[in-house]
Amino acid sequence: MPTNIRLISVKEYHQMAETGIFHPEERLELIAGQIIKMSAKGTAHESAITRTERLLRQRLGDKVLLRIQSPVQVDDYSEPEPDISVAKLNPLDYEDHHPNASEVFLLIEIADSSLKYDREVKANAYAKSGIIEYWILDVNGRKLYMYRLPSPDGYQSESILAENVTISPLAFPDCAIAIRELSRSAQLKLTG
C-alpha cells in the first residue's frame, strides 16, 4: 500500500466545493481523507429511504431532527452523507455546521448494492468517530445490521437481525420498531 497518499481534510473539501471543482450534480462524500463517488440513486433505494423516514418521523416526532442524505462530519477527514441521520435538535437546524458524532443518535444506510462498503468502510469510520449507533437495512437480504459500542477498533457489538425481531434505538428505548416494519418500508417481500 502506498504510504505517500495526500489526504484531504473536511475544510479543504469544502473549499474545493466552493471554488467549483466539483460538478454541482456530482454525488460525492469524503471518507478517511478520500473523495468517494457515490452510486446513482435507484428507485427502490429512494423509496426505502422515504418509507423508513416516514416510520421514524411517526415514532420519534419532534424529539429529533431527521436529515436525509445530508452530511455528517465524523472527524477532520470524513464527511459522509448517510441515507438517514437521526440528530439532536438544533436551534439553527445546523445552519452553521453539519452535525458531528456527539450530535447524532443514529445513522442509517439503505443498502442494495453498497452492503460491503457500508459494513466495512462506513462502519469503521462511524465507530472511530464515536457514532453510538449505526444501522444498515439490507434490502436484498431482508436483514438489519445493527452496530453499537463504538471504539477506535470498530464497533464492539454487531447484530444481524431478521424480520421477526423488534428493536429500539439506544437513545429512545420506548420507540419499539419491528424489523418487519422496516422491511415493509423497504418494499421487501415478507415470509410467513
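An account of the accompanying structure is given in this report. In every chain, residue numbers begin from 1 and rise along the written sequence. The predicted nature of this model means local features are confined to residues of pLDDT at least 70 and side-chain atom pairs, given and counted, to a pLDDT of 80 or more, with totals for whole chains, interfaces and linings taken over all residues. Here the side-chain values reflect all heavy atoms present in the structure, with hydrogen atoms and water set aside.

Describing the packing of aromatic side chains
Piece 1. Two rings from Phe, Tyr or Trp (for Trp, the six-membered ring) form a pair when their centres are within 6.5 Å of each other. A pair whose planes differ by under 30 degrees is stacked, one over 60 is edge-to-face, and the rest are tilted. All told, the structure shown has 6 aromatic pairs when counted by the stated rule.
Piece 2. For the ring pair Tyr147 and Tyr155, a centre distance of 5.6 Å and an interplane angle of 50° mean the geometry is tilted. Like Tyr155, Tyr147 is buried.
Piece 3. Every member of this aromatic cluster is reached through a ring pair, and the members are Tyr126, Tyr134, Tyr147 and Tyr155. Only protein chains enter the accessibility calculation, which uses a 1.4 Å probe. A residue is then buried if its area is under 20% of the maximum for its type, exposed if over 50%, and partly exposed in between.

Some points on the pattern of salt bridges
Piece 1. By salt bridge we mean one thing: a side-chain nitrogen of Lys or Arg within 4 Å of a carboxyl oxygen of Asp or Glu. Enumeration according to the criterion identifies 8 salt bridges in this entry.
Piece 2. Two residues, Glu53 and Arg57, come together in a salt bridge whose shortest N-O distance is 2.5 Å. One end of the pair is Glu53 and the other is Arg57, both in helix H2 (residues 43-60) and 4 residues apart, which spans about a single turn.
Piece 3. A cluster of three or more residues bridged by salt bridges with shared partners is formed by Glu29, Glu109 and Lys122. Numbered from the N terminus, helices here are DSSP runs of H or I no shorter than four residues, and strands are runs of E no shorter than two.

Some remarks on the sheet that holds strand E6 (residues 133-138)
Piece 1. Pairing between strands requires that DSSP locate at least two bridges from one strand to the other. The strand order across the open sheet formed by 6 strands is E3-E4-E5-E6-E7-E8, and the pairing between neighbours is mixed. What marks the edges here is a single partner per strand, and that holds for strand E3 (65-68) and strand E8 (157-161). Averaged over all pairs of adjacent strands, the angle between strand axes in this sheet comes to 15°, irrespective of strand direction.
Piece 2. Pairing of E3 with strand E4 (residues 84-87), which is carried by 4 bridges, proceeds in the antiparallel orientation. Looking at E4, one finds that Leu65 is bridged to Ala87.
Piece 3. Its contacts with the sheet put H2 on E3, E4, strand E5 (104-111) and E6, and the angle it makes with E4 is roughly 20°.
Piece 4. Contact criterion: two residues are considered in contact whenever any of their non-hydrogen atoms come within 4.5 Å of each other. For helices, the fitted line uses only the C-alpha atoms of the stretch in contact; every axis is such a line through C-alpha atoms, and the angle between N-to-C directions lies from 0 to 180 degrees. Strand contacts of helix H3 (residues 115-129): E5, E6, strand E7 (143-148) and E8, with the helix running at about 175° to E6, the strand carrying the most contacts.

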